[in-house]
Amino acid sequence: MKRYHVTTFGCQMNEHDSERIKGMLETLGYREADSREAADLILFNTCSIRERADSRFLAHLGAAKRVKQERPETVIGVGGCWAQSVKEEVFRRFPFVDVAFGPGQVHKLAEFLTSDSLSAQGYFEFEGFAGHLPARRERPHQGWLQISVGCNCRCAYCIVPSTRGREVSRPLEELVAEAQRMAAEGVKEVTLLGQNVNSYGRDLRDSSGSPRRFSELLRALDAVEGIERIRYTSPHPKDMREDVIRAHAECRHLCEHIHLPLQSGSSRILKAMRRTYDRERYLDRVALIREHVADIALTTDIIVGFPGESERDFEETLEVVDAVGFDGAFTFIFSPRRGTEAAQMNDSFVAHEVKVQRMERLVALVQRRAQERAQRFVGRELEVLVEGPSRTDPTRLRGRTRHNKVVNFSGLASAGELTRVRIHSATSQTLSGEELLLARANPAG
Ligand code: SAH
Ligand code: SF4
Ligand code: F3S
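Residues numbered from 1 in each chain as written. Chains lettered and ligands numbered in written order. Predicted model: local features only at pLDDT ≥ 70, side-chain atom pairs only at ≥ 80, totals over all residues. Heavy atoms only, no water.

Visitor: Tell me what's going on with the site of ligand 3, and back it up with residues and numbers.
Guide: Taken together, the residues surrounding ligand 3 are Cys11, Asn14, Thr46, Cys47, Ser48, Ile49, Cys81, Val160, Arg164 and Gln195. Broken down by class, the residue content of the shell around ligand 3 amounts to five nonpolar, four polar and one charged. Each of domain 1 (3-123) and domain 2 (130-372) contributes no fewer than three residues to the shell around ligand 3. (Near = heavy atom within 4 Å. Nonpolar A, V, L, I, M, F, W, Y, C, P; charged D, E, K, R; others polar. Domains from an automatic or database assignment.)

Visitor: Describe unusual backbone geometry, listing the residues and the values that go with them.
Guide: The omega angle of the peptide bond from Thr233 to Ser234 is -10 degrees, so this bond is cis rather than trans. Note on placement: Ser234 falls in the loop between β11 (229-233) and α9 (242-250). Phi is positive for Gln263, close to 70 degrees, though the residue is something other than glycine. Assignment of secondary structure puts Gln263 in the loop between β12 (257-259) and α10 (267-273). (Helix = DSSP H or I, 4+ residues; strand = E, 2+ residues; numbered from the N terminus.)

Visitor: Explain the packing of helix α8 (residues 214-222) against α9 residue by residue, including any values.
Guide: Contact geometry for α8 and α9: axes closest at 8 Å, N-to-C directions at 20 degrees. One way to sum up the angle between α8 and α9 is to call them roughly parallel. When you trace α8 past α9, the crossing you get is right-handed. Residues Phe214, Ser215, Leu218 and Arg219 of α8 form the contact with α9, whose own contacting residues are Asp243, Val244, Arg246, Ala247 and Glu250. Looking at the contact of α8 with α9 residue by residue, the class counts come to four nonpolar, one polar and four charged. (Axes fitted to C-alpha atoms, helices over the stretch in contact; angles between N-to-C directions. Parallel < 35°, antiparallel > 145°, perpendicular 65-115°, else oblique. Left-handed = near helix turned anticlockwise from the far one by under 90°. Contact = heavy atoms within 4.5 Å.)

Visitor: How would you summarise the pattern of salt bridges if you had to cite specific residues and measurements?
Guide: Overall, the coordinates contain 49 salt bridges when judged by the stated rule. Lys238 serves as the salt-bridge partner of Asp239, at 2.8 Å between the closest nitrogen and oxygen. On the basis of relative accessible area, Asp239 is assigned to the buried category, the value being 5%. The class for Lys238 is partly exposed, based on a relative accessible area of 25%. (Salt bridge = Lys/Arg side-chain N within 4 Å of Asp/Glu carboxyl O. Buried < 20%, exposed > 50% of the residue type's maximum accessible area, 1.4 Å probe, protein only.)

Visitor: Could you give me a rundown of helix α7 (residues 172-184), with the residues and numbers involved?
Guide: For α7, with 13 residues, the first-to-last C-alpha span of 19 Å sits near the 18 Å given by 1.5 Å per residue. Check the buried side of α7 and you find it contacts α1 (12-27), β7 (142-146), β10 (189-193) and α8. (Expected span 1.5 Å × (residues − 1).)

Visitor: Can you lay out the pairing of strand β16 (residues 397-401) for me, pointing to particular residues and giving the numbers?
Guide: Side-chain direction in a regular strand flips from residue to residue, so the side chains alternate between the two faces of the sheet. Of all five residues in β16, four are buried, a share of seventy percent or more. Bridge analysis of strand β15 (residues 381-389) against β16 gives five bridges, and the strand direction is antiparallel. Each bridged residue has a counterpart across the sheet, and for Leu385 the counterpart in β16 is Arg400. Between β16 and strand β17 (residues 406-410), which pair antiparallel in sequence order, lie four residues; one of them, Asn404, sits at a positive phi of approximately 70 degrees. (Pairing = 2+ DSSP bridges.)

Visitor: So what about the domain arrangement of the protein chain? Which residues, and what values?
Guide: The domain boundaries assigned to the protein chain delineate domain 1 (3-123), domain 2 (130-372) and domain 3 (378-439). Computed from C-alpha coordinates alone, the two centres of domain 1 and domain 2 are separated by 28 Å. By the criterion of area lost to domain 2, the three top residues of domain 1 are Met13, Glu19 and Arg20, representing 30% of everything that side buries. Where domain 1 touches domain 2, the interface holds seven salt bridges. For the salt bridge of Arg164 with Asp17, the shortest nitrogen-to-oxygen distance reads 3.4 Å. Viewed at the interface, domain 2 and domain 1 are joined by 16 residue pairs in polar contact (both at pLDDT 80 or more). Of all the secondary-structure elements, those providing two or more residues to the side of domain 1 that touches domain 2 are α1, α2 (51-70) and α3 (81-86). Looking at the side of domain 1 that touches domain 2 residue by residue, the classes come out as nine nonpolar, nine polar and 10 charged. (Buried area = accessible area lost by both parts, 1.4 Å probe. Polar contact = N/O pair within 3.5 Å; in protein donor to acceptor, adjacent residues only side chain to side chain.)

Visitor: Which residues make up the sheet that holds strand β2 (residues 31-32), and what values do they have?
Guide: Strand order in the open sheet made by the six strands is β2-β1-β3-β4-β5-β6, with parallel pairing throughout. Strand pairing shows two members of the sheet lacking a second neighbour, β2 and β6 (121-123), which therefore form its edges. Strand direction decides the pairing type here: strand β4 (residues 75-80) and strand β5 (residues 99-101), joined by three bridges, are parallel. Opposite Gly79, over in β5, you have Phe101 as the bridge partner.

Visitor: How would you explain the pairing of strand β14 (residues 328-333) if you had to name every residue and give the values?
Guide: Strand direction decides the pairing type here: strand β13 (residues 297-304) and β14, joined by six bridges, are parallel. Each residue of the ladder has a partner; that of Val304, found in β14, is Ile333. With helix α12 (residues 311-324) bridging β13 and its parallel neighbour β14, the resulting β-α-β unit is right-handed. (Right-handed = clockwise from strand over helix to strand, strands pointing away.)

Visitor: I'd like a rundown of the packing of aromatic side chains, residues and numbers included.
Guide: Within the structure shown, the criterion is met by 10 aromatic pairs. For the ring pair Phe94 and Phe96, a centre distance of 6.1 Å and an interplane angle of 70 degrees mean the geometry is edge-to-face. The buried category is assigned to Phe96, whose relative accessible area is 14%. Across from the ring centre of Phe129, 5.5 Å away, lies the NZ or CZ of Arg170, which sits over that ring. (Phe/Tyr/Trp six-rings, centres within 6.5 Å; stacked < 30°, edge-to-face > 60°. Lys NZ or Arg CZ within 6 Å of the ring centre and 35° of its normal.)

Given below as structure tokens:
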């Protein structure tokens with residue numbers, strides 16, 4: 001029996017694709033190896049979003065090279081966004097790589113592995129979604145649903161449009177059928193994936209010839225029996241229209257959490273980033289969201305040190321972060337990416353130490369606001385989807401609320417169960433509490 005080892009870098013889209021890669025390999029008779037040394041096939045699903053992503057991957061690739069020196073019959077494959085961005089060059093730079101493939105070519109791996117002559121090959125044209133391939137889920141009760149691929153935006157800093165191509169949506173009926181299959185397999189929580197989920201459907205038509213809408217998809221999935229929770233990532237503020245926000249108020253299974261990437265609080269920098277919204281429009285979206293779902297959790301992505309970001313621009317980001325009060329944020333220092341518009345801009349305007357200091361100031365504010373926001377959960381009883389034992393204390397359990405907060409709690413529930421937990425305390429990152437065992441004894445009541 002042949003064994004495989006997959007290392008995944010990057011976003012949920014890659015996690016999704018890796019689950020499909022594993023599912024497909026298992027269909028071909030492969031089984032997972034405990035380590036790279038024990039594998040006949042070593043795969044990397046790569047990311048190129050920031051320079052650090054590249055360097056982390058290249059360090060791992062060096063380890064795979066050493067395995068291949070020991071056992072030359074080992075097959076090494078590189079997929080994902082880094083592979084797509086360098087294409088055939090991968091074989092010149094790393095001659096020990098046997099196969100390279102882009103995000104739209106996951107299924108080609110099977111073709112390569114089952115062909116008679118394994119000579120180095122690359123597959124980079126977008127051909128189809130990995131969504132129809134079999135999946136081997138990391139958590140049986142949580143599933144990804146890839147609703148679209150690609151991105152038609154042109155954010156000046158971002159490499160994704162060049163690695164994932166133009167946006168293509170999957171037909172609504174196909175997605176509903178996949179969600180039904182997932183529910184039948186025991187999935188309770190689905191996360192809809194796309195680079196820009198809420199522009200879903202512009203390239204599709206319903207029976208009367210009108211474009212499909214993201215809110216329509218949300219409503220259709222809300223009706224799928226057995227799916228208890230629906231999440232999505234990431235929406236774009238420019239497409240966060242009222243119909244999507246209304247769906248949050250009206251769809252029972254749609255969770256009270258929106259990850260709404262801000263990137264910067266300065267309209268001037270947003271313009272240079274080509275984000276196509278300004279600070280007012282972002283704040284207006286937040287106000288509309290809170291008008292419909294007052295208790296919603298909001299998280300975001302922010303870049304500091306974009307070329308030309310002045311102290312005043314940065315302060316405007318702090319002002320927006322303070323005004324919104326995010327429940328959490330991913331913060332990044334700008335990283336110039338090959339082929340992007342921002343990589344051509346003069347990046348010497350802000351010294352690296354200043355960027356690091358801005359990052360620290362931003363993180364301190366994000367955490368303070370997240371900590372303050374989290375106090376609203378103390379004393380409440382929340383629905384929690386159990387993930388398994390707590391990472392810090394194995395005698396306790398870990399799960400997630402609908403607001404996407406991690407909860408560590410004492411109780412008796414098993415992974416995959418939905419239960420109720422009373423929250424006793426909250427930090428910026430996690431909640432702590434106790435399972436309501438009486439509610440468990442009588443779940444219907
Ligand atoms: N499609 C999603 C996610 C894109 S990548 C979206 O539009 O929201 C995730 C985050 O990485 C981005 O939101 C951005 O904050 C950050 N990012 C992307 N390119 C970057 C770069 N060149 N330097 C620093 N951060 C970057
Ligand atoms: Fe990148 Fe912008 Fe597209 Fe997101 S919306 S993937 S940040 S280009
Ligand atoms: Fe990385 Fe590609 Fe995702 S660059 S963040 S793996 S879309």
